[in-house]
Amino acid sequence: MVESFNRRAANDGLFLGIYLSVIFLASIFSAKMLVLAHIGLLMLLALPFVGIWAIVRFHRNCQGMAPLSVLWMYGILLFLYASLICAIVVYVYMQYIDTDLITNQINETIEAAEKAPTAFSNDFIAQLKQLRDSHMLPSPIQIAMAMLWATSFFGSVLSLLT
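Just so it is clear, the structure is predicted and the values come from calculations on it, not from any experiment.

(A) Geometry of a nonpolar patch on the surface. On the surface, a nonpolar cluster with roughly 370 Å² of combined accessible area is contributed by Leu14, Phe15, Ile18 and Val22. Summarising the element assignment, Ile18 is placed in helix 1 (residues 2–28). Residue classification places Ile18 among the partly exposed residues on the basis of a relative accessible area of 43%.

(B) Inspection of the packing of helix 3 (residues 68–97) against helix 6 (residues 140–161) at higher detail. Interhelical geometry of helix 3 versus helix 6 gives an angle of 160 degrees and a closest axis separation of 8 Å. Comparing their axes, helix 6 and helix 3 come out roughly antiparallel. Note that helix 3 runs across helix 6; the crossing there is right-handed. Taken together, the residues that form the contact of helix 3 with helix 6 break down as 20 nonpolar, 8 polar and no charged.

(C) Expanded view of the side chain of Asp12. Following the sequence through the fold, Asp12 ends up in helix 1. Take Asp12: its relative accessible area is 9%, and that puts it in the buried class. In this view, Asp12 contacts Arg57, Tyr74 and Leu78; residues no more than four positions away in its chain are not counted.

(D) Layout of the nonpolar core. Ranked by size, the top nonpolar core spans 38 residues in total, and within it Leu16, Phe58, Tyr74 and Met94 carry the most contacts. Top element by residues in this core is helix 3. It accounts for 12 residues. Leaving out residues up to four positions away in the same chain, Met94 has contacts with Phe24, Thr99, Leu101, Ile102, Pro140 and Ile143.

(E) Spatial organisation of unusual backbone geometry. The residue Gln63 is not glycine, and still its phi comes out positive at about 55 degrees. Note that Gln63 resides in the loop between helix 2 (34–61) and helix 3. For Gln63, a relative accessible area of 65% translates into the label exposed. One non-glycine residue, His135, lies in the positive phi region at around 55 degrees. In this structure, His135 sits in the loop between helix 5 (121–133) and helix 6. Given a relative accessible area of 73%, His135 falls into the exposed group.

Basis of the calculations
- Residues numbered from 1 in each chain as written.
- Predicted model: local features only at pLDDT ≥ 70, side-chain atom pairs only at ≥ 80, totals over all residues.
- Heavy atoms only, no water.
- Patch = residues over 30% accessible without salt bridge, like charges linked within 9 Å, V, L, I, M, F, W, Y side chains within 5 Å.
- Areas by Shrake-Rupley, 256 points an atom, 1.4 Å probe, with all protein chains shown as cover.
- Salt bridge = Lys/Arg side-chain N within 4 Å of Asp/Glu carboxyl O.
- Helix = DSSP H or I, 4+ residues; strand = E, 2+ residues; numbered from the N terminus.
- Buried < 20%, exposed > 50% of the residue type's maximum accessible area, 1.4 Å probe, protein only.
- Axes fitted to C-alpha atoms, helices over the stretch in contact; angles between N-to-C directions.
- Parallel < 35°, antiparallel > 145°, perpendicular 65-115°, else oblique.
- Left-handed = near helix turned anticlockwise from the far one by under 90°.
- Nonpolar A, V, L, I, M, F, W, Y, C, P; charged D, E, K, R; others polar.
- Contact = heavy atoms within 4.5 Å.
- Core = buried A, V, L, I, M, F, W, Y, C linked by side-chain atoms within 4.5 Å.

Quick look at the structure:
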């Protein structure tokens, strides 16, 4: 049984990884096409239901006999494999395709904060400029790994709640 749920999690993780990658790409290109922002947001909101659907489908394939520990491990592995795929997409995109993505996002955030000043925006802008100017922005691999662990943790909690 261990091999079958691991293999099943890997196979289902491929599709969920593509799903997560589409969410990432929709959010990246949403500045150019507003409809992608809405699509990405809807897909992100549907993510817990997609995860629950995969876990329930696995439970049904086990004729309802899979214990909680197996379902939980399946969910953890499902999101881990999916996160690996999405992390690779994030890394490749940020490292080789749009190498200035992080800097551009910081510059756009600074410009937006300068246009709409608030009580704390001056400190916020100063901190962002200091991060940018001192080259302390995260690297693509750091962002990809943080996303991998955050998504895996989310999947673990979601799996336990299911």
